[in-house]
Amino acid sequence: MMKVLVGCEYSGRVREAFRAKNHDAWSCDLIPSSDNSPHHLVEDVRTVIHWNNWDLAIFHPPCTYLSRAGARWLYPGGVLDGERYEKLLEAKSLFMELLTADIPMIAIENPTPFKIAELPVPSQVIQPFHFGDPYTKRTLLWLKGLEPLVPTNQVEPSGSWLPSNTSGFRKNQKSQRGHSAAGDYSLTFQGIANAMAEQWG
């Protein structure tokens, strides 16, 4: 049995996938869990990484200021927005603190970042349709002490999980599964969560 921390997760999907494999898994976020689990910590992940001698940590740090999808806000009118850039640097600082935490096995999940963020080269690129969910959503993994995930159930994608462009949120454009809230797009797909638990657990 391993002690597993799932940081910046409120859905409990990854946490519960590991608990189903009898691991002592906990999620952590600044907000309560959506499943009301007693195994969720409402704490700053930067504090929690120093607790419990974790064996494995899987982090989903906020990507709002790091993701390349936000180019129109970082470069409004083609000019770098200084305030937005400062927030990017803060997001990078959190990312690097998590990646270099004193935990033997670490995975960080995020979308494609800005080149200007100068993050380390990712270890792997995965898609939901590699793990049984028939959608495209390019996801990068940065791994320490872990092997890349092996696809478990490759299926034909039926479409993109995200709106066709970033203005889709303002237009209330819905995703392939009918979600319109931006937070829904950050949830880990169940097939990926299961693969993490099966292969890293």
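Here the focus is the layout of surface pockets. Its volume calculated, the second largest pocket comes out at about 190 Å³. As for the second largest pocket, its lining consists of 14 residues, and the residues nearest its centre are Pro113, Lys115, Leu119, Pro122 and Leu140. Across the lining of the second largest pocket, the residue classes break down as 9 nonpolar, 1 polar and 4 charged.

Attention now goes to the confidence of the model for the protein. Averaged over the protein, the pLDDT score is 89; the fraction of residues at 70 or greater is 88%. A low-confidence stretch, residues 165-183 stays under pLDDT 50, and its non-local contacts, those more than four residues away or across chains, total 34 contacts.

Overall, the coordinates contain 1 cavity of 30 Å³ or more when judged by the stated rule. Approximately 80 Å³ is the volume found for the largest cavity. Lining the largest cavity are 10 residues, and of these Glu109, Thr139, Thr188, Phe189 and Ile192 lie nearest its centre.

Turning next to the pattern of salt bridges. Per the counting criterion, the structure on display carries 4 salt bridges. The closest approach of N and O atoms between Arg19 and Asp24, which form a salt bridge, is 3.8 Å. Judged by its relative accessible area of 23%, Arg19 is partly exposed. Overall, Asp24 belongs to the partly exposed group, its relative accessible area being 24%. Several salt bridges converge on common partners, so that one network encompasses Arg15, Glu16 and Asp35.

By secondary structure assignment, the location of Ser11 is in the loop between β1 (3-7) and α1 (13-19). Of note is the side chain of Ser11, whose polar atom sits 3.3 Å from the backbone nitrogen of Arg13.

Turning to the sheet that holds strand β3 (residues 40-42), a few remarks are in order. An order of β3-β2-β1-β4-β5-β8-β6 is seen for the 7 strands of this open sheet, with the pairing classed as mixed. Strand pairing shows two members of the sheet lacking a second neighbour, β3 and β6 (124-126), which therefore form its edges. Between one strand axis and the next, the sheet turns by 20° as a mean value, whatever way the strands run. This element, helix α4 (residues 82-99), spans β4 (56-59), β5 (105-110) and β8 (139-144) of the sheet and lies at about 155° to β5.

The next subject is the packing of aromatic side chains. If you walk through the whole model with that rule in mind, you get 3 aromatic pairs. A ring pair is formed by Phe95 and Trp142, whose centres lie 4.9 Å apart and whose planes are at 85°; its orientation type is edge-to-face. Separated by 47 residues along the polypeptide, Phe95 in helix α4 and Trp142 in strand β8 bring together distant segments of the chain. Of the two residues, Phe95 and Trp142, both sit in the buried class. Taking NZ or CZ as reference, Arg72 lies 5.7 Å from the ring centre of Trp73, over its face.

Criteria and cut-off values
- Residues numbered from 1 in each chain as written.
- Predicted model: local features only at pLDDT ≥ 70, side-chain atom pairs only at ≥ 80, totals over all residues.
- Heavy atoms only, no water.
- 1 Å grid on protein atoms, 1.4 Å probe; cavity = no way out; pocket = protein on both sides within 12 Å on 5 of 7 lines; lining within 4 Å.
- Points joined across faces, edges and corners; volume = space filled by probe spheres on them.
- Nonpolar A, V, L, I, M, F, W, Y, C, P; charged D, E, K, R; others polar.
- pLDDT = per-residue confidence, 0-100.
- Contact = heavy atoms within 4.5 Å.
- Salt bridge = Lys/Arg side-chain N within 4 Å of Asp/Glu carboxyl O.
- Buried < 20%, exposed > 50% of the residue type's maximum accessible area, 1.4 Å probe, protein only.
- Helix = DSSP H or I, 4+ residues; strand = E, 2+ residues; numbered from the N terminus.
- Polar contact = N/O pair within 3.5 Å; in protein donor to acceptor, adjacent residues only side chain to side chain.
- Pairing = 2+ DSSP bridges.
- Axes fitted to C-alpha atoms, helices over the stretch in contact; angles between N-to-C directions.
- Phe/Tyr/Trp six-rings, centres within 6.5 Å; stacked < 30°, edge-to-face > 60°.
- Lys NZ or Arg CZ within 6 Å of the ring centre and 35° of its normal.

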